[in-house]
Amino acid sequence: MASNTSKTARASVRAGQGSGGALSVLGEYKYVIPLANGRFAYVRNLTNGKTAHLKTDSDAFVEEIRVLAAAGHGAKIRAELTALDEANPQHGWGATEKRLAEAGVFEG
């Protein structure tokens, strides 16, 4: 059935779908959205469509990244963490990436 939404309303919805704010850069989705100077982050899981709010030094954060890496997103996540570390070295993203690597998240 066709809905009776206005042309303006449909255009607004389409525009909203395309703009993800901090989540999307030139059509590329961000997996890790930093919060509180790197102590917390939103982790966007494209495999299940959920976004988790996690402490970056928690086991839950490691497991969420492990799930994404196993789904084939590990290289992009590692690149994001490297870019976050370069942009904000005082936030500890290098240590976070190292801890994930030591946990074997990016292997295989």
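Before reading on, note that the structure itself is shown above.
Residues numbered from 1 in each chain as written. Predicted model: local features only at pLDDT ≥ 70, side-chain atom pairs only at ≥ 80, totals over all residues. Heavy atoms only, no water.

1. Here we look at the sheet that holds strand β5 (residues 50–55)
Then, number 1: The antiparallel open sheet is built from three strands, whose spatial order is β3-β4-β5. Each edge of the open sheet carries a strand with a single partner, namely β3 (32–35) and β5. Neighbour-to-neighbour, the strand axes of this sheet turn through a mean angle of 20°, independent of strand direction.
Then, number 2: Of the strand pairs in this sheet, strand β4 (residues 40–45) and β5 are connected by six bridges, and their pairing is antiparallel. Looking at the pairing, F40 lines up with K55 of β5. (Pairing = 2+ DSSP bridges. Helix = DSSP H or I, 4+ residues; strand = E, 2+ residues; numbered from the N terminus. Axes fitted to C-alpha atoms, helices over the stretch in contact; angles between N-to-C directions.)

2. Describing the pattern of salt bridges
Then, number 1: The tally for this structure, following the rule as stated, stands at two salt bridges.
Then, number 2: The closest approach of N and O atoms between E63 and R66, which form a salt bridge, is 3.3 Å. Taken together, the residues span about one helical turn, with E63 and R66 both in helix α2 (residues 59–87) at a distance of three residues.
Then, number 3: Its relative accessible area of 41% is what places E63 among the partly exposed residues. (Salt bridge = Lys/Arg side-chain N within 4 Å of Asp/Glu carboxyl O. Buried < 20%, exposed > 50% of the residue type's maximum accessible area, 1.4 Å probe, protein only.)

3. A closer look at unusual backbone geometry
Excluding glycine, most residues fall at negative phi; most peptide bonds, likewise, are trans.
Then, number 1: Phi at A36 is positive, roughly 50°, even though this residue is not glycine.
Then, number 2: By secondary structure assignment, the location of A36 is in the loop between β3 and β4.
Then, number 3: The exposure class of A36 is partly exposed, given its relative accessible area of 35%.
Then, number 4: A positive phi angle, close to 55°, is found at N37, a residue other than glycine.
Then, number 5: You can see N37 is positioned in the loop between β3 and β4.

4. Overview of the nonpolar core
One broad trend across soluble globular proteins is that nonpolar side chains are buried collectively.
Then, number 1: Core analysis: the biggest nonpolar cluster contains 17 residues, and V32, I65, I77, L81 and L100 have the highest contact counts within it.
Then, number 2: Those elements that place two or more of their residues in this core are β4, α2 and α3 (93–102).
Then, number 3: Considering each element in turn, this core owes the most residues, eight residues, to α2.
Then, number 4: Sequence-distant contacts of I77, that is, excluding residues within four places in its chain, are made with Y31, V32, I65, L68 and F106. (Core = buried A, V, L, I, M, F, W, Y, C linked by side-chain atoms within 4.5 Å. Contact = heavy atoms within 4.5 Å.)

5. Some thoughts on the environment of P34
Then, number 1: Here P34 lies in strand β3.
Then, number 2: Once the C-alpha coordinates of P34 and L84 are considered, the two residues, 50 residues apart in sequence, prove to be 8.3 Å apart.
Then, number 3: The contacts of P34, once residues within four sequence positions are left out, are F40, A41, L84 and W93.

6. Here's the deal with the pairing of β3
Then, number 1: Sheet analysis places β3 next to β4, joined by four bridges and oriented antiparallel. Paired with L35 across the strands is F40, a residue of β4.
Then, number 2: Where β3 hands over to β4, the hairpin turn is made up of four residues, of which A36 adopts a positive phi near 50°.

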